[in-house]
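Here's the letter readout for the chains.
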Amino acid sequence: MRHKVAVIPGDGVGPEVVREGMKVLKATMETTNGLDLVFEEFPYGGEYYLKTGRLISEDELEELSEFDAIYLGAVGDPRVPPGILEKGVLLAIRFHFDQYVNLRPVKLYPGVPCPLKGKKPEDIDFYVVRENTEDFYIDMGGRAGKRVEAEHQLKRELYRTKFGLDIEVSGDEIAYQIGVMSRKGAERVIKYAFELARAENRKRVTAVDKANVLTHIYGLWREAFEEVARGYPDIETEFAFIDAITMWIVKNPEWYEVVVTPNMFGDIITDLGAMIQGGMGLAPGGNINPGGVSMFEPIHGSAPKHAGKNVANPIASILAGKMMLEELGEREAAAKIEKAVKEILREGKLRTYDLGGKSKTSEVGDAIANKIRRME
Ligand code: IPM
Ligand code: MN
């Protein structure tokens, strides 16, 4: 089938890893009957913002809706203050296309060094289903009561002369940020997690929260989970607090099968998940709207200090391409990519610096593409 893919290489190592990802996707296309991927590149990211002052507009988002999927490298540039590109490009796309599932498989492939003592590939193989459009990511908040600096200085002077104390005087400034959860928003992502468990033959779904403190927002989350779970009596369920689960994922990763989590906690545990599967260089993710346009990316960022050196590990990006093919319904082609990646990792001859080797980004991409070309 023909699929139109919008490619956003983005910042830092993004263009380098996306180049390898496309190389591999093209090799898959050559060897899979009927698979036809059409790529079109878009410039969004730090460089484009610095040159034009533009992030991504409503019209440009609309233009992307013509595509069947989006393939993204990374967004983030040290020359731009934090938050601008993240919110203005990455989150803008996630929210515009209502990509309410952030699917992040945590899978240790044979041959990959694992930082957890004694853990093997069969011990580390679960999915994190991260809610992707609500919680503390909705950008609702503000600051109030900002006092002028002169006033602080005056107070400080007063303390010093009156009491002989030299202390930092804080103003009455406050900041607040609101997390919002909707019942519908919670239900749909939880349902996705249960459906995934069924489709992948997993027996347990774990729900993450902090309902012992943030009772309003995660109280609703728990209720939604219990309600959805009733429709899946064949699947075991449990709740885990975010602090406890970070400990348990390190101690007993083999326990987990499908973990469903609110947005911010999911952000945190998927970096942990990436480390136990061999590092950020191996961890892909999909921002999925099951009925709309989804976006696939390596979950590592732009890694500016490694940019332009052809050293970044392209495997996370290549596996994001595999997830994209799965979402497009191209399972056979997706399986080829995973098989080739697995072989390269098992052989261990080609390794980028993050895996203790000296291989180049492009060497790893070439080797994976060649393996695919040699498959029957
Ligand atoms: C991720 C990233 C993003 C997030 C940032 C860059 C907005 O950390 O994809 O995990 O917090 O979701
Ligand atoms: Mn993150």
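Residues numbered from 1 in each chain as written. Chains lettered and ligands numbered in written order. Predicted model: local features only at pLDDT ≥ 70, side-chain atom pairs only at ≥ 80, totals over all residues. Heavy atoms only, no water.

A few words on the nonpolar core. By size, the foremost hydrophobic cluster in this structure holds 84 residues, and its most contacted members are Val129, Ile190 and Ile368. Take this core: its biggest share by element is 8 residues, from helix α6 (residues 183-199). Mapping this core onto the domain boundaries places at least three of its residues in each of domain 1 (1-101 + 306-376) and domain 2 (114-136 + 180-277). Dropping the residues within four chain positions of it, valine 129 is found in contact with Val101, Asn102, Leu103, Val189, Tyr192, Ala193, Leu196, Val258, Val259, Val260 and Thr261. (Core = buried A, V, L, I, M, F, W, Y, C linked by side-chain atoms within 4.5 Å. Buried < 20%, exposed > 50% of the residue type's maximum accessible area, 1.4 Å probe, protein only. Helix = DSSP H or I, 4+ residues; strand = E, 2+ residues; numbered from the N terminus. Domains from an automatic or database assignment. Contact = heavy atoms within 4.5 Å.)

Mapping serine 317 onto the fold places it in helix α10 (residues 315-327). In this structure serine 317 comes out as buried when scored by relative accessible area, which is 0%. When residues no more than four places from it in sequence are discounted, the contact partners of serine 317 are Val17, Val18, Tyr71 and Pro298.

Unlike most non-glycine residues, asparagine 201 shows phi in positive territory, near 55°. Along the chain, asparagine 201 falls in the loop between α6 and β8 (204-209). A positive phi angle, close to 40°, is found at alanine 303, a residue other than glycine. Within the secondary structure, alanine 303 sits in the loop between β12 (294-298) and α10. Overall, the relative accessible area of 31% leaves alanine 303 in the partly exposed class.

Glancing now at the pairing of strand β11 (residues 284-288). When you tally the buried positions in β11, you get 5 out of 5 residues, the bulk of the element. Across the two faces of β11 the burial is the same, with Pro284, Gly286 and Ile288 and Gly285 and Asn287 all buried. Of the pairings in the sheet, the one linking strand β4 (residues 101-107) to β11 comprises 3 bridges and is antiparallel in character. Counterpart to leucine 103 in the pairing with β11 is glycine 286. Judged from the 4 bridges that link them, β11 and β12 form a sheet pairing that is antiparallel. (Pairing = 2+ DSSP bridges.)

Let's shift gears to the sheet that holds β4. Strand order in the open sheet formed by 10 strands is β2-β1-β3-β12-β11-β4-β5-β10-β8-β9, and the pairing between neighbours is mixed. Here the strands that pair on one side only, and so sit at the sheet edges, are β2 (36-41) and β9 (236-241). Ignoring which end each strand starts from, the neighbouring axes of this sheet average 25° apart. Strands β4, β5 (125-131), β8 and β10 (258-261) of the sheet are contacted by helix α9 (residues 263-276), whose axis makes an angle of about 155° with β5. Against the sheet, α10 engages β1 (2-10), β2, β3 (69-74), β4, β11 and β12, with an angle of about 160° to β12. (Axes fitted to C-alpha atoms, helices over the stretch in contact; angles between N-to-C directions.)

The next point concerns the pairing of β8. Here β8 lies mainly inside the structure; 6 of its 6 residues are buried. Alternating residues of β8 divide into Arg204, Thr206 and Val208 and Val205, Ala207 and Asp209, and every residue in both groups is buried. Crossover handedness for the path β8 to helix α7 (residues 215-229) to β9: right-handed. With 3 bridges joining them, β8 and β10 adopt parallel strand pairing. Along β10, the bridge assignment pairs threonine 206 with valine 259. (Right-handed = clockwise from strand over helix to strand, strands pointing away.)

With 14 residues, α9 should reach 20 Å at 1.5 Å per residue; the first-to-last C-alpha distance of 20 Å fits that figure. Taken residue by residue, α9 has Asn263, Phe265, Gly266, Ile269, Thr270, Gly273, Ala274 and Ile276 as its buried positions. (Expected span 1.5 Å × (residues − 1).)

A few words on the pattern of salt bridges. Under the counting rule described, the total for this entry stands at 26 salt bridges. In this structure, arginine 54 engages glutamate 60 in a salt bridge whose closest nitrogen and oxygen atoms are separated by 2.6 Å. Salt bridges linked by common partners bring Lys339, Glu343, Glu347 and Lys371 together as one network. (Salt bridge = Lys/Arg side-chain N within 4 Å of Asp/Glu carboxyl O.)

To continue, consider the packing of helix α8 (residues 242-251) against α9. Across the interface, α8 lies against α9 with an axial gap of 11 Å and an inter-helix angle of 10°. Put simply, α8 runs roughly parallel to α9. Each of Ile242, Ile245, Thr246, Ile249 and Val250 in α8 lies in contact with α9, whose residues at this interface are Phe265, Ile269, Leu272 and Ile276. (Parallel < 35°, antiparallel > 145°, perpendicular 65-115°, else oblique.)

The next thing to look at is the domain arrangement of the protein chain. Entries for the protein chain in the domain assignment read domain 1 (1-101 + 306-376), domain 2 (114-136 + 180-277) and domain 3 (141-177). Of note, the centres of domain 2 and domain 3, computed from C-alpha atoms alone, are 42 Å apart.

Turning our eyes to something else, we now look at the site of ligand 1. Around ligand 1, the neighbouring residues are Glu86, Leu90, Arg94, Arg104, Arg130, Tyr137 and Asp267. Taking arginine 94, its side chain carries an N or O atom lying 2.7 Å from an oxygen atom of ligand 1. In the model, an oxygen atom of ligand 1 is placed 2.8 Å from a nitrogen or oxygen of the arginine 104 side chain. Summarising the interface, the protein chains cover 77% of the accessible area of ligand 1, which totals 320 Å² for the free molecule. For the shell around ligand 1, the element with the most residues is helix α4 (residues 84-96), which contributes 3 residues. In terms of residue class, the shell around ligand 1 is built from 2 nonpolar, no polar and 5 charged. (Near = heavy atom within 4 Å. Polar contact = N/O pair within 3.5 Å; in protein donor to acceptor, adjacent residues only side chain to side chain. Areas by Shrake-Rupley, 256 points an atom, 1.4 Å probe, with all protein chains shown as cover. Nonpolar A, V, L, I, M, F, W, Y, C, P; charged D, E, K, R; others polar.)

Running from N to C, α10 and helix α11 (residues 331-347) cross one another at 160°; their axes reach a closest spacing of 7 Å. As judged from the angle between their axes, α10 and α11 are roughly antiparallel. Handedness of the crossing formed by α10 with α11: left-handed. In this structure, α10 uses Ile315, Ile318, Leu319, Gly321, Lys322, Leu325 and Glu326 to contact α11, whose residues at the interface are Arg331, Ala333, Ala334, Ile337, Glu338, Val341 and Leu345. Taken together, the residues of the contact of α10 with α11 break down into 9 nonpolar, 1 polar and 4 charged. (Left-handed = near helix turned anticlockwise from the far one by under 90°.)

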